[in-house]
Amino acid sequence: SDVGTPSGFGRIATAVCDWFAAHGHQGGGGGLQYEGIHPHGKPYHISALAVKDLWNTLTGIINEFQPEAVICCQDFPYGVTLFKGTRVDWSRIPFLNITPIDGTPIFPEWLDLCDDIDGTMVISRFGVEAMRKAGKKVGLCHPGVDAGTFKPPSAEEKAELRKKAGLAPDAFVVGMMAMNQGRKNIPATLEAFRDFAVEKPTARLLLDMDKVSPAGWNIPLLAKEIGLDVSRILFKDDLLAKGLTNLRDRYCLLDVHSVVSHREGFGLPLLESQACKVVALALDWCS
């Protein structure tokens, strides 16, 4: 999974690994995006897979350590390839797949995997019901947030955080916490903010993501193309440079939060924003 990095999958996988460690089990993870450069501070080993031959490396790790179980926490194709495309004797090692279902119909190969492995869990009730309609019974591994970490600010703290971010006291701030990916529908978000902010000179759009991504968009160029002044956008790097390194603090800058993805297995930022008492807008499909 993305254990070792703060993506949605990474946070789910890290919570699972933390649970095992807290209950006296020896565990570890293979981090698809983890490069091994920065210490992760966890009481278990995380293999840096970001700079390696993924499937051969995983095959070697599993066959060398012979774990009592392997959990894949990622999109379904990763589970399919791990089961079918690696030289591992799965008759000797239990295999559990934790994955999102972000739409229907469900690809037949994914349904077949449920019959081949020892267990499947999905991360939303939508996914449980979609699988039931397809004739498969699966468990629910429901994501959550730590309300002790994601919590609302006092009025004084919010004012101080906004001052640190360089926001006007009366600024209306719309936020989107997500990866810069094609499916996150960033163009629609930019267009909606452009139209909303026409007569609101202090309004700002906070995009907690990379400005440019090979899996998504060149957002400054996209903003220029649709006629949105890029200076009205706050990016994650801008806020990190101002000392706002805590994700919860960046949520606390917002008046409203929304992620209008084309597809989404579970909307973890929707929970995080609500835990910070920020109004959350969501689609009525999947997440």
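Residues numbered from 1 in each chain as written. Predicted model: local features only at pLDDT ≥ 70, side-chain atom pairs only at ≥ 80, totals over all residues. Heavy atoms only, no water.

**Regarding helix 7 (residues 186-196)**
Along an α-helix, a turn takes 3.6 residues, which lines up residues three or four apart on a common side. Here helix 7 has its buried residues at Ile186, Pro187, Thr189, Leu190 and Phe193. Taken around the axis of helix 7, the buried residues stretch over an arc of 160 degrees, which confines them to a single face. Lining the buried residues of helix 7 we find strand 7 (173-177), strand 8 (204-208), helix 8 (219-226) and strand 9 (233-235). (Buried < 20%, exposed > 50% of the residue type's maximum accessible area, 1.4 Å probe, protein only. Helix = DSSP H or I, 4+ residues; strand = E, 2+ residues; numbered from the N terminus. Arc of directions from axis to C-beta. Contact = heavy atoms within 4.5 Å.)

**Things to note about the sheet that holds strand 6 (residues 139-140)**
Read from one edge of the open sheet, 4 strands run 3-4-5-6, paired in parallel fashion. For this open sheet the edge positions go to strand 3 (70-73) and strand 6, each flanked by a neighbour on one side alone. Two elements, strand 3 and strand 4 (residues 95-99), share 4 bridges in a ladder whose sense is parallel. Across the sheet, Ile71 pairs through a bridge with Leu96, a residue of strand 4. (Pairing = 2+ DSSP bridges.)

**Quick word on the sheet that holds strand 11 (residues 279-281)**
Sheets are built from strands that pair by backbone hydrogen bonding, the pairs being arranged parallel or antiparallel. Here we have 5 strands laid out as an open sheet, ordered 9-8-7-10-11, and parallel in their pairing. The open sheet has two free edges, formed respectively by strand 9 and strand 11, since each of these has just one partner strand. Within this sheet the neighbouring strands show an average axis-to-axis angle of 25 degrees, counted without direction. The pairing of strand 8 with strand 9 spans 3 bridges and is classified as parallel. (Axes fitted to C-alpha atoms, helices over the stretch in contact; angles between N-to-C directions.)

**Structural notes on the packing of aromatic side chains**
All chains considered together, the criterion is met by 9 aromatic pairs. Look at Trp55 and Tyr78: their rings are 6.2 Å apart centre to centre, the planes differ by 45 degrees, and that puts the pair in the tilted class. With Trp55 in helix 2 (residues 54-65) and Tyr78 in helix 3 (residues 76-84), the pair connects residues that are 23 residues apart, well separated along the chain. Of the residues examined, Trp55 reaches a relative accessible area of 25% and is grouped as partly exposed. On the basis of relative accessibility, which here comes to 32%, the residue Tyr78 falls in the partly exposed class. Judged by centre distance (6.0 Å) and plane angle (65 degrees), the rings of Phe107 and Trp110 are edge-to-face. For Trp110, a relative accessible area of 23% gives the class partly exposed. Three or more aromatic residues joined by ring pairs form one cluster here, namely Phe76, Phe107 and Trp110. (Phe/Tyr/Trp six-rings, centres within 6.5 Å; stacked < 30°, edge-to-face > 60°.)

**A look at unusual backbone geometry**
Of note, the bond from Thr104 into Pro105 is cis; its omega dihedral lies within 30 degrees of zero at 0 degrees. Among the structural elements, Pro105 can be located in the loop between strand 4 and helix 4 (108-116). A positive phi is found at Gln66, a non-glycine position, where the angle reads about 45 degrees. Here Gln66 shows up in the loop between helix 2 and strand 3.

**With respect to the pattern of salt bridges**
Close approach of charged atoms allows side chains with opposite charge to pair. Applying the stated criterion across every chain, the model contains 14 salt bridges. Of the charged contacts, one joins Lys42 and Asp18 as a salt bridge, the two residues approaching to 3.0 Å between their closest N and O atoms. Of this pair, Lys42 sits in the loop between strand 1 (28-31) and strand 2 (45-48) while Asp18 sits in helix 1 (residues 8-22), and the two are 24 residues apart along the sequence. Relative accessible area serves as the criterion here: at 30%, Lys42 is assigned to the partly exposed category. Put simply, Asp238 and Lys211 hold a salt bridge, and the shortest N to O gap is 3.8 Å. (Salt bridge = Lys/Arg side-chain N within 4 Å of Asp/Glu carboxyl O.)

**Let's talk about the pairing of strand 8**
Of all 5 residues that make up strand 8, 4 are buried, and the element is covered over most of its length. Pairing of strand 7 with strand 8, which is carried by 5 bridges, proceeds in the parallel orientation. Note that in strand 8 the partner of Met176 across the bridge is Leu207. Handedness of the strand 7-helix 7-strand 8 crossover: right-handed. (Right-handed = clockwise from strand over helix to strand, strands pointing away.)

**Details of the environment of Ile101**
If you trace the backbone, Ile101 turns up in the loop between strand 4 and helix 4. According to the relative accessible area criterion, Ile101 is buried, its value standing at 1%. Spatially, the C-alpha atom of Ile101 lies 8.3 Å from that of Val128, the residues being 27 residues apart in sequence. Leaving out residues up to four positions away in the same chain, Ile101 has contacts with Phe76, Ile106, Val122, Ser124, Phe126, Gly127, Ala130, Met131, Glu264 and Gly265.

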